[in-house]
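Architecture and fold: a report
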Amino acid sequence: MKKRLSMSIAVVVAACAHAPSPIVGPVQAPTSSNNPTASSRVVVAGDTTPRRDSTNATTLAPASDSARVSDSEVSKRAAEVFGDSAARGRTAADSASGRDGPSWDIDVQSYATKGRVEHYLQVFSGSAREHIIAQLEEGSRYEPMIRAKMRAGGLPEDMYYLALIESGFDPNAYSRAAAVGMWQFMASTGRDMGLRVDWWVDERRDPVKSTTAAVGFIRGLKEQLGSLYLAAAAYNGGPGRIARGLTRYADDLEGTTGDDRFFALADKDFLPRETREYVPQLIAAALIAKEPHRYGMEIRTLPPFVYDSVRVGPATPLAAIAKATGVGAEQIARLNPQILRGMTPPRDSFRVRIPAGSAASFDSLFKILPEADRVGVRRVETKKGDYPETVAERYRLRTKYVLLFNPKAERSKKTGRLAAGQILLIPSAAVAAAATDAPDPSIERYSSGTRTHVVRRGESLGLIAKHYHTTVKSIMALNGMKRSIIFPGQSLVVSGRARRSSSGHRSAHASGRGSGRGVAQAGSQRR
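Residues numbered from 1 in each chain as written. Predicted model: local features only at pLDDT ≥ 70, side-chain atom pairs only at ≥ 80, totals over all residues. Heavy atoms only, no water.

Our focus in this paragraph is the packing of aromatic side chains. Tallied over the full model, the rule gives 15 aromatic pairs. Measuring from centroid to centroid gives 5.0 Å for tyrosine 160 and tyrosine 161, while their planes differ by 65°, and the two rings are edge-to-face. Of the two residues examined, tyrosine 160 and tyrosine 161, each falls in the buried class. With a centroid separation of 6.0 Å and an interplanar angle of 75°, the aromatic rings of tyrosine 249 and phenylalanine 270 are classed as edge-to-face. Residue tyrosine 249 is located in the loop between helix 12 (239-248) and helix 13 (250-253), and its partner phenylalanine 270 is located in the loop between helix 14 (260-266) and helix 15 (273-290); the two are separated by 21 residues in the primary sequence. This pair shows no difference in class: tyrosine 249 is buried, exactly as phenylalanine 270 is. Clustering of aromatic rings is evident, with ring pairs tying together Tyr111, Tyr229, Phe262 and Phe263. When the ring centre of tryptophan 199 is taken as reference, the NZ or CZ atom of arginine 341 above it lies at 4.0 Å. (Phe/Tyr/Trp six-rings, centres within 6.5 Å; stacked < 30°, edge-to-face > 60°. Buried < 20%, exposed > 50% of the residue type's maximum accessible area, 1.4 Å probe, protein only. Helix = DSSP H or I, 4+ residues; strand = E, 2+ residues; numbered from the N terminus. Lys NZ or Arg CZ within 6 Å of the ring centre and 35° of its normal.)

Glancing now at helix 7 (residues 143-152). Of all 10 residues that make up helix 7, 8 are buried, and the element is covered over most of its length. Buried within helix 7 we find Glu143, Pro144, Met145, Ile146, Arg147, Ala148, Lys149 and Met150. Looking one or two places after helix 7, you find glycine 154, whose phi comes out positive at around 75°.

Among the 5 residues of strand 3 (residues 350-354), 5 are classified as buried, and the element is accordingly described as predominantly covered. Across 5 bridges, strand 2 (residues 306-312) lies against strand 3 in antiparallel orientation. Bridge pairing links valine 310 to valine 352 in strand 3. (Pairing = 2+ DSSP bridges.)

Quick look at the side chain of aspartate 202 now. Counting through the fold element by element, aspartate 202 comes out in the loop between helix 9 (187-192) and helix 10 (207-225). Looking at aspartate 202, the relative accessible area reads 1%, which means it is buried. If we ignore the near neighbours within four places in the chain, the residues touching aspartate 202 are Val180, Arg196, Val197, Gln338, Leu340 and Pro441. (Contact = heavy atoms within 4.5 Å.)

Moving on, we get to the environment of arginine 378. Looking at where arginine 378 falls in the secondary structure, it is placed in strand 4 (residues 377-381). Note: C-alpha distance between arginine 378 and alanine 315 (63 residues apart in sequence) is 9.7 Å. Sequence-distant contacts of arginine 378, defined by excluding residues within four places in its chain, comprise Tyr395, Leu424, Leu425 and Ile426.

Soluble, globular proteins show a tendency: their nonpolar side chains are buried together. If you look at the biggest cluster of nonpolar residues, it comprises 76 residues, and the most contacted ones within it are Trp183, Tyr229 and Tyr235. Looking at which element gives the most residues to this core, the answer is helix 15, with 10 residues. (Core = buried A, V, L, I, M, F, W, Y, C linked by side-chain atoms within 4.5 Å.)

This part takes up the packing of helix 7 against helix 10. Their axes nearest at 10 Å, the elements helix 7 and helix 10 cross at an angle of 35°. Crossing handedness for the pair helix 7 and helix 10: right-handed. Residues Met145, Ile146, Lys149 and Met150 of helix 7 touch helix 10, and the partners they reach there are Pro207, Val208, Thr211, Thr212, Val215 and Ile218. (Axes fitted to C-alpha atoms, helices over the stretch in contact; angles between N-to-C directions. Left-handed = near helix turned anticlockwise from the far one by under 90°.)

Next up on the list: unusual backbone geometry. Its identity as a non-glycine residue notwithstanding, alanine 315 has a phi of 55°, on the positive side. Turning to its location among the elements, alanine 315 is positioned in the loop between strand 2 and helix 16 (318-325). Residue classification places alanine 315 among the buried positions, given a relative accessible area of 8%.

Moving on to the confidence of the model for the protein. Of all residues in the protein, 73% have pLDDT values of 70 or greater, and the mean over the chain is 79. When the criterion is pLDDT under 50, residues 1-8 qualifies, and its contacts beyond four places in sequence or with other chains add up to 43 contacts. Between residues 497-508, whose pLDDT stays under 50, and residues either more than four places distant or in other chains, the model counts 96 contacts. (pLDDT = per-residue confidence, 0-100.)

Below you can see the structure in the form of structure tokens.
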């Protein structure tokens, strides 16, 4: 896999539509993307119930069978297996009452005639049509899992479309602000939301685990701000900015409640453009996705993201896992985008995803592979006078792989020589071929004048203030907070003046839309 900057909706739309007002919400260009080995069960991502049907398809009784299956049962089963995309939002109440058409569990109809929503409806179904279709189709792989997690987390299922605006459902989306994955988390926020983020593994790229983290993050924003659309805007621009806006315009917003508060705030000259546009894009995407034919679009539902999982040892090549399951290494990489360097971590046993139905035979097939196939790296000792280039030449590697697999190798700052006597990891040809050039996951880009703290579990504002030698009152003022309620994963400005990062996380979480940035420019300060 190659390093890529995430492609924002803003870029797609601006390039296609030449709209008078630039689009700010990012949607990435699509890319394809744990139970004991003894089990051959198929796991539907996001579903805790294992299934033995390796195709995950609904099987109806043949015509000769005397049993009949009602339309409602077929629809119900399809929704269970494929998620809302199968029914395009039609609810049980709609079916019972005979009402036609879709329904949404976020309020889109009240705002469908808003000027910016209508603008994005035109752009998404017009000049950006092919991009939106491709991204919605790619998203259909993950839709059952994402909807199930939204539902389990107490959020509306249609917040699924937030991932379209964030990344185009691309698990490998990467913004200039170093926001990563389908939900565009910064490294620190990802870790605080329970994700593993290090040189070897980056679970921000894991569609299942990152969705769990995103659900928790969005739920916390909604509890803090009292509105789903304000939470969405905060996901893009940061909760501090939204809270400051609500405080600044409290008199003007008096009497405005619920999601109307977002639109009232968006009418003020306060929010960054990408944050103002974020919710209209979300609404437009939800409207189009559930009534594609109304907008002259046809969206295919792709096979769902299903897999078995097995545990393997340290430094196991993805290529060896592929051979033991009878598929190509690229398919294993798509199931495990969180594995960055072509092999499992060098010191940890690790649970990996393999094709559905292949777990039962995996152990026996893996054991009969030649030892050379099962070993991902060799450990060698450096000699006096070694450079990365000479080591690479000695083992017939490109220099970049010596550096990629030894990020902490000791080198002279003056000469670039490697310190003698240290142990280097030398990857096999198969591991080197499968390794990604993903940037250092520890990269965080904030302006130098601003100190930002990501809230960890168990922390209070009092503890944070004490740590930074400041006061609760000061932190609340810097972040525009009316109440001293905080939640894990929230980014707080603790000193200095907050400024948008040049590269945004839009995902940063919210930082950098446009020009290949992630979700929103505020995100880098927010998530």
